[in-house]
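One letter stands for each residue in the lines below.
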Amino acid sequence: MTDQQQPPSPPPRLPVSVLTGFLGSGKTTLLSRLIRDPAMARTAVIINEFGEVGLDHLLVAKADENTVLMDSGCICCTIRSDLADTLRDLYMRQLRGEITGFDRVVIETTGLADPAPILHTLMTDPLIASRFRLDGVVTTVDAVHGMGQLDAHEESLKQAAVADRLVLTKTDLAAPEKVARLKARLKAINPAAAVVDAQTGGALPVLLFDAGLYNPATKSLDVQRWLKAEAYEPHGHDHGHDHHHHGHDHGHDHDDGHDHSHCDHAHGHCDHDHDHGHDHAHDPNRHGDAIRSFCLTAEDRLSWEALVSFFETLAQLQGENILRVKGLLNVEESDRPIVVHGVQHLFHPPVQLDAWPSDDHRTRIVFIVKDLSREVVETLFRACTGQGSAHT
Ligand SMILES: Nc1nc2c(ncn2[C@@H]2O[C@H](COP(=O)(O)OP(=O)(O)OP(=O)(O)O)[C@@H](O)[C@H]2O)c(=O)[nH]1
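Computed from a prediction, not measured in an experiment: that's the story for all the values here.

1. Focus on the side chain of serine 334
Here comes step 1: Among the secondary structure elements, serine 334 is positioned in the loop between β15 (322-329) and β16 (338-343).
Here comes step 2: Reaching out from serine 334, the side chain makes a polar contact with the backbone oxygen of arginine 336 at a distance of 2.7 Å.
Here comes step 3: When neighbours within four sequence positions are excluded, serine 334 is seen to be in contact with Arg301 and Gln352.

What follows is the structure, encoded as structure tokens:
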């Protein structure tokens, strides 16, 4: 391909990482370690209150009551009326030279936040969407209380489900078996997210950021790394336990009213009890979490119109239950692959890649959903595209 055929490069948009995690799960502790890191220079961090991060001894200069500059070069600001205002304001002040330039943003959410509205703001506000792009969601999970929080609080489940990176905190306080069970459950909820330990490297910016489609290391779009479709394949991912052991549910289920009886092969395991008697309350797959993830694939090229109708119908009918969608599409109208990315009923504008990332030219769409079965999504996909999904 000649240079003339390359699409014009899009205007650079600043990556935004969202740091979330349940109440007390260690977001602030993680952030206060991160902002000391020289790699955080030229990062703008948006937090709820300065007091929380204990910035006093790190503070270099106070730009105004809302913004401080740290000795690592990172700018911290507190949230103003809302996130959109805060981001717009930061951007304009940087343009006017009132604050140091930044080339990355990290937003710490409150512990009870459902991250989806934050992701919406990043995608829908016109000025924000044209200047910033979602890099990824980093979620802290408390190794001591995380299992109970996942059971009791839907926000906690959603935070784990939409994460690109999961940081286990307080592993120094939890028994290794407890940590292992929590990891297994997190894998079942969100197979593609990398899990890092806050004690051993979890506070390294390099492990937490640059989770998005754009890979700054290669300065190109790295769709394989981003999509990680193989993590959803039936046998393609090692969850570190026996996926196909059909144990019995010993009746201690925290019944959430969802179907526990069928095999969810998308995770490469069945929703049965894998744990013979020890610690029933903490078996990763017995919980029947209302959140599940799977990957649909299609062998043949699909019409763009059919795909649009699939995504539109899905968003209309089930938007609330779609936490995240990432797709690599092989469409009839284009020789090149198309990437789509959505949160609930909203989709980022599709991106056309220059080339296929590998010899695998199948359409692959990864879903993280809540209260929605794979069958419903698959049936709609088949109805719109005329192709079976292809779960092989
Ligand atoms: N031992 C241990 N304690 C931790 C760790 N991470 C956080 N903590 C402690 O856990 C408590 C809560 O941590 P925070 O960082 O304030 O948690 P948070 O998620 O910001 O809390 P909220 O803002 O209230 O949602 C604090 O007392 C921390 O010192 C860890 O890895 N090990």
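2. What about the environment of arginine 42?
Here comes step 1: Within the secondary structure, arginine 42 is located in the loop between α1 (27-34) and β2 (43-47).
Here comes step 2: Distance from arginine 42 to glycine 73, taken between C-alpha atoms, is 5.9 Å for residues 31 residues apart in sequence.
Here comes step 3: Each residue touching arginine 42, except ones within four places of it in the same chain, is listed here: Gly73, Gly101, Phe102, Asp103 and Arg104.

3. Quick notes on the pattern of salt bridges
Here comes step 1: Per the counting criterion, the structure on display carries 20 salt bridges.
Here comes step 2: Arginine 364 is the partner of aspartate 360 in a salt bridge, and the nearest nitrogen-oxygen pair spans 3.5 Å.
Here comes step 3: The partly exposed category is assigned to aspartate 360, whose relative accessible area is 23%.
Here comes step 4: Here arginine 364 falls in the buried class, since its relative accessible area comes to 5%.

4. Examining the nonpolar core
Here comes step 1: Of all hydrophobic cores here, the largest spans 60 residues; its most connected members are Ile46, Leu87, Phe102, Val105, Phe132 and Leu186.
Here comes step 2: Among residues more than four places away in sequence, those in contact with leucine 186 are Val141, Leu150, Ala160, Leu166 and Leu168.

5. Focus on the domain arrangement of the chain
Here comes step 1: By domain assignment, the chain separates into domain 1 (14-217) and domain 2 (291-385).
Here comes step 2: The centre of domain 1, based on its C-alpha atoms, is set 27 Å off from the matching centre of domain 2.
Here comes step 3: Each partner contributes residues to the interface: domain 1 has 19 residues there, and domain 2 has 15 residues.
Here comes step 4: Joining domain 1 to domain 2, the criterion identifies 3 salt bridges.
Here comes step 5: In this structure, aspartate 164 and lysine 326 form a salt bridge, with 3.4 Å as the shortest nitrogen-oxygen distance.
Here comes step 6: Counting across the interface, domain 1 meets domain 2 through 4 residue pairs in polar contact (both at pLDDT 80 or more).

6. Structural notes on helix α4 (residues 115-124)
Here comes step 1: In terms of burial, α4 is a largely internal element, 7 of the 10 residues being buried.
Here comes step 2: Along α4, the residues classified as buried are Pro115, Ala116, Ile118, Leu119, His120, Leu122 and Met123.
Here comes step 3: Backbone nitrogen of alanine 116 and a side-chain oxygen of the N-cap are separated by 3.0 Å at the start of α4; the cap is aspartate 114.

7. A closer look at the site of the ligand
Here comes step 1: Around the ligand, a shell composed of 15 residues is seen, among which Lys27, Thr28, Thr29, Asp172 and Gln199 lie nearest.
Here comes step 2: Backbone polar atom of serine 25 to an oxygen atom of the ligand: 3.1 Å apart, as the coordinates give it.
Here comes step 3: The separation between a nitrogen atom of the ligand and a polar side-chain atom of aspartate 172 is 2.8 Å.
Here comes step 4: Across the complex, the protein chains shield 64% of the 650 Å² of accessible surface that the ligand would expose by itself.
Here comes step 5: Tallied by class, the residues present in the shell around the ligand amount to 3 nonpolar, 8 polar and 4 charged.

8. Some points on a nonpolar patch on the surface
Here comes step 1: A surface patch of nonpolar side chains, about 270 Å² in accessible area, is lined by Leu204, Val206 and Leu207.
Here comes step 2: Assignment of secondary structure puts leucine 207 in helix α9 (residues 205-208).
Here comes step 3: Take leucine 207: its relative accessible area is 33%, and that puts it in the partly exposed class.

So, how was this worked out
Residues numbered from 1 in each chain as written. Predicted model: local features only at pLDDT ≥ 70, side-chain atom pairs only at ≥ 80, totals over all residues. Heavy atoms only, no water. Helix = DSSP H or I, 4+ residues; strand = E, 2+ residues; numbered from the N terminus. Polar contact = N/O pair within 3.5 Å; in protein donor to acceptor, adjacent residues only side chain to side chain. Contact = heavy atoms within 4.5 Å. Salt bridge = Lys/Arg side-chain N within 4 Å of Asp/Glu carboxyl O. Buried < 20%, exposed > 50% of the residue type's maximum accessible area, 1.4 Å probe, protein only. Core = buried A, V, L, I, M, F, W, Y, C linked by side-chain atoms within 4.5 Å. Domains from an automatic or database assignment. Near = heavy atom within 4 Å. Areas by Shrake-Rupley, 256 points an atom, 1.4 Å probe, with all protein chains shown as cover. Nonpolar A, V, L, I, M, F, W, Y, C, P; charged D, E, K, R; others polar. Patch = residues over 30% accessible without salt bridge, like charges linked within 9 Å, V, L, I, M, F, W, Y side chains within 5 Å.

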